[in-house]
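If you want the building blocks of each chain, they are given just below.
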Amino acid sequence: MRSLVLIGHGSHLNGESAVAAYRYAELIRARGLFDEVIEGYWKEEPSLRQVLRTTASTDVTVIPMFISEGYFTETVIPRELGLGHQGPVPPEGIARVIGGRTVRYTLPYGVHPGMADVIVARAREVLPELGPDGPADGIETALIVLGHGTTRNENSSRVIYENAARLRERGLFSEVHALFLDEEPRVTGWADLVRAPRVVIVPFFASEGWHTLETIPEELGLSGVVTPFADTPHGPQQVHYARPVGTHAAVAEVILHLAEEARGAGGPGGDTERGHEAAWQAFLTLARRGARVGELLVTPELGVFEIRNALDEGRPGGDLMTLVTPEGVRDRVRFTDGGEHRPVHTLRSLPRGWRAVLNEADLRRAVHYTYPAVVEETYAHGCHALRPTPWATTARRQTGIYAKVQRAVPEQVERVAERVCAACLRTRLWAGEHLTHSFLDGVPGGMPCAEACTFLVAEVRAEVARKKAASAS
Ligand code: SF4
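Just so we're clear, the structure is a prediction, and the values are computed from it rather than from any experiment.

K.L.:
Describe the overall build of the chain, and please don't skip the residues or the numbers.
P.N.:
The helix and strand inventory of the chain stands at 14 helices and 19 strands. For 473 residues, the compact-globule estimate of 2.2 N^0.38 gives 23 Å, and the chain sits close to it at 25 Å. For the chain, the C-alpha atoms occupy an extent of roughly 75 × 60 × 50 Å along the three principal directions. Residue burial in the chain is summarised as follows: out of 473 residues, 55% are buried. Long-range contacts, defined here as pairs at least 24 residues apart, represent 72% of the contacts in the chain between residues at least 6 apart. Accessible area of the chain: about 20,300 Å², with a carbon and sulfur share of 54%. Taking the 51 positively charged and 59 negatively charged side chains of the chain as two groups, their mean positions are separated by 6 Å.

Take a look at the structure:
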């Protein structure tokens with residue numbers, strides 16, 4: 001049995017941030033090479049601290065869904081997963097045994113040599129004449145691999161230079177340049193550099209967004225996929241502007257390569273993780289009788305299960321939108337009725353107006369998406385196997401812009417927690433609260449919170465910054 005975990009950044013504010021990891025997880029799930037593919041996030045749920053507990057096997061491969069190495073892949077993710085490693089990840093990755101699971105952590109997908117193929121695939125989309133040996137129409141064509149670039153992270157530019165070198169060797173293009181948005185050599189100087197009459201620009205970015213949709217086209221004066229420039233230092237030139245590499249379906253192949261390389265010679269994989277399976281069996285025993293889990297009502301019906309918001313109990317099914325897949329449930333519960341993003345799923349804001357009809361296997365996945373890690377953590381709490389992490393420990397672990405939460409005094413933390421956590425179903429074990437009964441023994445809102453979530457950490461940081469600004473003024 002084998003589990004694959006894709007780690008994305010996620011966002012407390014923007015519901016679209018998690019979509020890329022979901023999309024790649026779906027593509028890889030459809031290939032059937034792993035028994036499960038789980039998504040985990042820094043700023044959403046399941047969080048990095050929780051995600052390993054949500055995996056069903058003892059053989060887990062973790063791939064960071066980042067375009068280059070840096071602070072998140074070398075510091076935050078290893079730290080939060082408990083890998084006991086900080087700093088550059090070796091090419092062969094890191095392997096550790098954590099809580100009975102063998103965990104292999106790889107480099108981010110963006111640094112895999114296979115990304116050169118993704119760049120070519122993107123170029124081909126805007127230049128169909130690009131054949132296996134170069135442009136079929138014989139017109140000289142230059143390629144610009146465009147990176148963000150930042151003086152703070154030389155890894156982000158190294159990957160651009162490496163891909164440009166690989167593609168230069170392949171000889172598909174008459175020239176290959178590595179240019180950047182925010183460092184030299186800048187893409188705004190492309191016309192002085194590129195001699196070929198036709199130029200393809202491929203942004204080496206993880207996602208479509210402000211830069212790829214607005215700043216790059218604006219700064220270069222691009223008017224669409226193909227923009228003619230009549231008067232440049234090298235005569236008339238035509239720029240073909242591709243979509244970012246990170247959203248191409250071929251990235252799924254790169255992820256699979258990384259996963260296979262991390263496993264080395266392979267082998268039979270792991271076993272079913274017993275604690276995880278026991279947690280879900282406890283949940284299913286409950287579900288077969290009918291249950292309330294937080295705001296969710298689970299009703300067994302002729303061999304399948306119906307789930308809906310408990311506030312919609314008794315409403316005719318025809319009045320509700322009927323969902324039939326775990327992914328459908330996932331996409332519905334990620335937003336409130338008002339359309340706001342829900343980075344913390346146990347906040348009491350589960351949307352109404354829908355029901356899902358699911359078989360037992362899909363019920364598990366749908367409940368995982370509705371309340372990530374809750375079944376596993378609640379069961380572990382019942383077995384006295386969920387260790388709370390006090391606020392001081394969480395604060396000490398924070399680095400970068402979050403390090404300032406270490407300056408928060410206990411009263412400040414409590415004030416913020418009272419506001420944020422009041423809307424949450426979970427009971428704050430990390431603050432010394434006690435949870436004597438859980439939804440597994442019939443108390444729907446009984447769910448443990450073993451450690452302050454990143455949403456609360458971000459709110460404490462904002463409070464510290466506010467306080468500092470107030471005392472300075
Ligand atoms: Fe909920 Fe507060 Fe725990 Fe975050 S820290 S999961 S808001 S109880």
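K.L.:
Requested: an account of the nonpolar core, with residues and values cited.
P.N.:
One finds L6 and I255 to be the most contacted residues of the largest nonpolar core, which totals 81 residues. Here L6 is in contact with A21, Y24, A25, I28, V37, I38, E39, G40, I63, M65 and I255, once residues within four sequence places are set aside. Formed by 28 residues, the second largest nonpolar core is a distinct cluster that contains I307, V329, L350 and L363.

K.L.:
Can you break down the site of the ligand residue by residue, with the values?
P.N.:
The immediate surroundings of the ligand are formed by V420, C421, C424, R426, R428, W430, C449, A452, C453 and L456. Elements with a minimum of two residues in the shell around the ligand: helix 13 (410-421) and strand 18 (426-428). Across the shell around the ligand, the residue classes break down as eight nonpolar, no polar and two charged.

K.L.:
Describe the pairing of strand 1 (residues 3-8), with residues and values.
P.N.:
With respect to burial, strand 1 is a largely interior element, six of its six residues being buried. Neither face of strand 1 is exposed, since S3, V5 and I7 on one face and L4, L6 and G8 on the opposite face are all buried. Bridge count for strand 1 against strand 3 (residues 59-64) is five bridges, and the pairing is parallel. Note on strand 3: the bridge partner recorded for I7 is P64. As paired strands, strand 1 and strand 2 (residues 36-41) are joined by six bridges and run parallel to one another. Each residue of the ladder has a partner; that of G8, found in strand 2, is Y41.

K.L.:
Which residues make up the pattern of salt bridges, and what are the values?
P.N.:
Per the stated rule, a full pass over the model turns up 34 salt bridges. Here R49 makes a salt bridge to E451, at a shortest N to O gap of 3.1 Å. Highlighted residues: R49 in the loop between strand 2 and strand 3 and E451 in the loop between strand 19 (447-449) and helix 14 (454-472), separated in sequence by 402 residues. Assessed through its relative accessible area of 37%, R49 is described here as partly exposed.

K.L.:
Describe the domain arrangement of the chain, listing the residues and the values that go with them.
P.N.:
For the chain, the assigned domains read domain 1 (3-111 + 252-273), domain 2 (115-247), domain 3 (275-372) and domain 4 (386-472). Just the C-alpha atoms count here: the centres of domain 1 and domain 4 sit 26 Å apart. Taken residue by residue, the interface counts eleven residues in domain 1 and twelve residues in domain 4. With both sides pooled, the region where domain 1 packs onto domain 4 buries about 960 Å², and carbon together with sulfur makes up 43% of that total. Between the two partners, domain 1 and domain 4, sit ten residue pairs in polar contact (both at pLDDT 80 or more). Looking at side-chain class alone, the side of domain 1 that touches domain 4 contains two nonpolar, three polar and six charged residues.

K.L.:
An account of unusual backbone geometry is needed here, citing residue identities and associated values.
P.N.:
In this structure, the amide linkage connecting E45 to the following residue, P46, adopts the cis form with an omega of 0°. Structurally, P46 is set in the loop between strand 2 and strand 3. Note the cis peptide between E184 and P185, where omega equals -10°. The residue P185 is located in the loop between strand 9 (175-180) and helix 5 (190-193) in this model. Its identity as a non-glycine residue notwithstanding, L302 has a phi of 45°, on the positive side.

K.L.:
Outline helix 13, listing residues and values.
P.N.:
Between its first and last C-alpha atoms helix 13 spans 15 Å; for twelve residues at 1.5 Å apiece the expected length is 16 Å, and the two agree. Within helix 13, burial applies to Q412, V413, V416, A417, V420 and C421. Seen along its axis, helix 13 keeps its buried residues to an arc of 130°; they face one direction. Looking at helix 13, the residues exposed on the side facing more than 90 degrees away from the buried face are E411 and E418. Structurally, helix 13 contributes buried residues whose contacts are with helix 12 (391-397), strand 18 and helix 14.

K.L.:
Run through the packing of helix 1 (residues 19-31) against helix 7 (residues 251-263), naming residues and quoting values.
P.N.:
At a closest axis distance of 9 Å, the pairing of helix 1 and helix 7 adopts a crossing angle of 65°. Between helix 1 and helix 7, the crossing angle belongs to the class labelled roughly perpendicular. Crossing of helix 1 against helix 7: the hand is right-handed. Here helix 1 contributes Y24, L27, I28 and R31 to the contact with helix 7, which in turn contributes V251, A252, E253, I255 and L256. Taken together, the residues of the contact of helix 1 with helix 7 break down into seven nonpolar, no polar and two charged.

K.L.:
Give me the lowdown on the packing of helix 9 (residues 326-333) against helix 10 (residues 360-370), citing residues and values where you can.
P.N.:
At a minimum axis distance of 8 Å, the contact between helix 9 and helix 10 shows a crossing angle of 15°. The angle between helix 9 and helix 10 places the two elements in the roughly parallel class. Seen along the crossing, helix 9 lies across helix 10 with a hand that is right-handed. Between helix 9, through P326, E327, V329, R330 and V333, and helix 10, the contact on the second element is made entirely by D362, R365, A366, Y369 and T370.

K.L.:
Give me the lowdown on the packing of aromatic side chains, citing residues and values where you can.
P.N.:
Under the counting rule described, the total for this entry stands at ten aromatic pairs. Aromatic pair Y22 and Y369: ring centres 6.3 Å apart, planes at 80°, arrangement edge-to-face. Of this pair, Y22 sits in helix 1 while Y369 is found in helix 10, placing the two residues 347 residues apart along the sequence. The exposure classification of Y22 matches that of Y369, with both residues buried.

Cut-offs used in this document
Positions within a chain are numbered from 1, following the residues in the order the chain's sequence is written. Two thresholds apply to this predicted model, a pLDDT of at least 70 for residue-level local features and 80 or more for giving and counting side-chain atom pairs, whereas whole-chain, interface and lining totals are computed over all residues. With hydrogens and water excluded, all non-hydrogen atoms of the structure serve as input to the side-chain values. Comment: elements are numbered from the N terminus, with helices defined as DSSP H or I runs of at least four residues and strands as E runs of at least two. To get the radius of gyration, use the C-alpha atoms; to get the globule rule, take the number of residues to the power 0.38 and multiply by 2.2 Å. To sort residues, take the accessible area from a 1.4 Å probe on protein chains only and compare it with the maximum for the residue type: under 20% means buried, over 50% means exposed, and anything in between is partly exposed. Contacts were defined at the residue level, with two residues in contact if any of their heavy atoms lie within 4.5 Å. All accessible areas in this document rest on Shrake-Rupley with a 1.4 Å probe, and a residue is counted as covered only by the protein chains that are shown. Neither His nor the chain ends contribute to the count of charged residues, in which Lys and Arg are positive and Asp and Glu negative. To locate a charge, take NZ of a lysine, CZ of an arginine, CG of an aspartate or CD of a glutamate. Residues grouped as a nonpolar core are buried Ala, Val, Leu, Ile, Met, Phe, Trp, Tyr and Cys residues, joined through side-chain atoms within 4.5 Å. What makes a residue near a molecule or strand is one non-hydrogen atom of that residue sitting within 4 Å of it. All residues other than Ala, Val, Leu, Ile, Met, Phe, Trp, Tyr, Cys, Pro, Asp, Glu, Lys and Arg, Gly among them, are scored as polar; the first ten of these are nonpolar and the last four charged. Any two strands with at least two DSSP-identified bridges between them are counted as paired. Basic side-chain nitrogens of Lys or Arg form a salt bridge, by our definition, when they fall within 4 Å of a carboxyl oxygen of Asp or Glu. As used throughout, domain bounds are those supplied by an automatic or database domain assignment. Accessible surface is computed with a 1.4 Å probe, and the buried area is the amount of it that two parts give up when combined, taken over both parts together. For this analysis, a polar contact is any N or O atom pair within 3.5 Å, provided that within protein one partner can donate a hydrogen and the other can accept it, and provided that sequence-adjacent residues contribute only side-chain to side-chain pairs. Multiplying 1.5 Å by the helix residue count minus one yields the expected span of that helix. Starting at the helix axis, one direction is taken to each C-beta atom, and the arc is that of these directions. In this analysis an axis means a line fitted to C-alpha atoms, helices contributing only their contacting stretch, and an angle means the value between N-to-C directions, from 0 to 180 degrees. Geometric relationships in this document are graded by angle, where less than 35 degrees denotes roughly parallel, more than 145 denotes roughly antiparallel, 65 to 115 denotes roughly perpendicular, and other angles denote oblique. In a left-handed crossing the near helix is turned counterclockwise from the far helix by less than a right angle, and in a right-handed crossing that turn is clockwise. What counts as a ring pair is set by centres within 6.5 Å for rings of Phe, Tyr and Trp (its six-membered ring), and what kind of pair is set by the plane angle: stacked under 30 degrees, edge-to-face over 60, tilted for all other angles.

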